[in-house]
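# Residue-level structure breakdown
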Amino acid sequence: MRLSCAYAIALLSLAGPAVAAQPPGLPKRVGTCVFSTVRNVAARLEDGSGRPVPESGTSISLANGLYGVSYSRVAAAQNARRGDRVLACLVSIPRHCPPGDDRGRIYTTTNLRTMESWTLPDSQHMCGGA
């Protein structure tokens, strides 16, 4: 089920914990949202021995396959824990991308435990980039 962001937040405020957290996939249209859970929060890079490089930025992945990344440390995302329920909304899709290059979609995600939000792209580079 795909929900508009406003509708999803209103539904959440009425339903509270009774709303199912089953990941329905990624939002396809700007302004639509989905519920999911946090799978992993990490630094953007690891060193040669697999240890995180904290100053390299933030990466976060959700159970529905959504991935967000930043060259900066994003405190709201770093505060998330594995299993936290989230509401992820598609806020931007780049235009004029080469066929098959879907990078650069931007999502705003709200952690329903902390009520903190972050906005991140799904790739380190926009479509057509490196």
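Now for a quick tour of the structure. (Residues numbered from 1 in each chain as written. Predicted model: local features only at pLDDT ≥ 70, side-chain atom pairs only at ≥ 80, totals over all residues. Heavy atoms only, no water.)

### Regarding the pairing of strand β2 (residues 32-46)
With five bridges joining them, β2 and strand β5 (residues 85-92) adopt antiparallel strand pairing. Of the residues in β5, the one forming a bridge with Val34 is Ala88. Of the pairings in the sheet, the one linking β2 to strand β3 (residues 52-62) comprises seven bridges and is antiparallel in character. Residue pairing in the sheet places Asn40 in a bridge with Ser61 of β3. Where β2 hands over to β3, the hairpin turn is made up of five residues, of which Gly50 adopts a positive phi near 90 degrees. (Pairing = 2+ DSSP bridges. Helix = DSSP H or I, 4+ residues; strand = E, 2+ residues; numbered from the N terminus.)

### Some remarks on the nonpolar core
Grouped together as the largest cluster of nonpolar side chains are 15 residues, with contacts concentrated most on Val38, Ile60, Leu62 and Trp118. Taken together, the elements giving at least two residues each to this core come down to β2, β3, α2 (75-78), β5 and β7 (117-121). Considering each element in turn, this core owes the most residues, three residues, to β5. Contact partners of Trp118, with chain neighbours within four places excluded, come to Ile60, Val74, Ala76, Ala77, Ala80, Val86, Tyr107, Thr108, Thr109 and Asn111. Judged by nonpolar contacts, the second largest core, of five residues, contains Cys33, Phe35, Leu87 and Cys89. (Core = buried A, V, L, I, M, F, W, Y, C linked by side-chain atoms within 4.5 Å. Buried < 20%, exposed > 50% of the residue type's maximum accessible area, 1.4 Å probe, protein only. Contact = heavy atoms within 4.5 Å.)

### Some points on the state of the cysteines
For the coordinates displayed, the defined rule picks out one disulfide. Shown here is the disulfide that connects Cys33 with Cys89, its sulfur atoms set 2.0 Å apart. Residues Cys33 and Cys89 are joined through a disulfide that is right-handed, its torsion about the S-S bond being 105 degrees. Taken together, the residues Cys33 in strand β2 and Cys89 in strand β5 connect sequence positions 56 residues apart. An identical accessibility class is assigned to Cys33 and Cys89; each is buried. (Disulfide = S-S within 2.5 Å.)

### Section: unusual backbone geometry
For His96, which is not a glycine, the phi torsion comes out positive at approximately 60 degrees. Mapped onto the secondary structure, His96 falls in the loop between β5 and β6 (106-111). Taking relative accessible area as the criterion, His96 reaches 81% and is therefore assigned exposed. The backbone of Met115 sits at a positive phi, close to 60 degrees, despite the residue not being glycine. Relative to the helices and strands, Met115 resides in the loop between β6 and β7. Under the relative-accessibility criterion, Met115 is labelled exposed at 55%.

### Observations concerning the side chain of Ser61
Structurally, the position occupied by Ser61 is in strand β3. Ser61 gets classed as buried once you look at its relative accessible area, which sits at 15%. The contacts of Ser61, once residues within four sequence positions are left out, are Val38, Arg39, Asn40, Leu66 and Tyr67.

### Section: the pairing of β3
Within β3, eight of the eleven residues are buried, leaving the element largely enclosed by the surrounding structure. Remark: four residues form the turn of the hairpin made by β3 and strand β4 (residues 67-70), two consecutive strands paired antiparallel; Gly65 in that turn has positive phi of roughly 95 degrees.

### Brief notes about the environment of Lys28
Following the sequence through the fold, Lys28 ends up in the loop between α1 (5-15) and β2. Look at Lys28 and you get exposed, because its relative accessible area is 53%. Separated by 77 residues in sequence, Lys28 and Arg105 place their C-alpha atoms 9.9 Å apart.

Remember that the coordinates give geometry; whether it matters functionally is a separate question.
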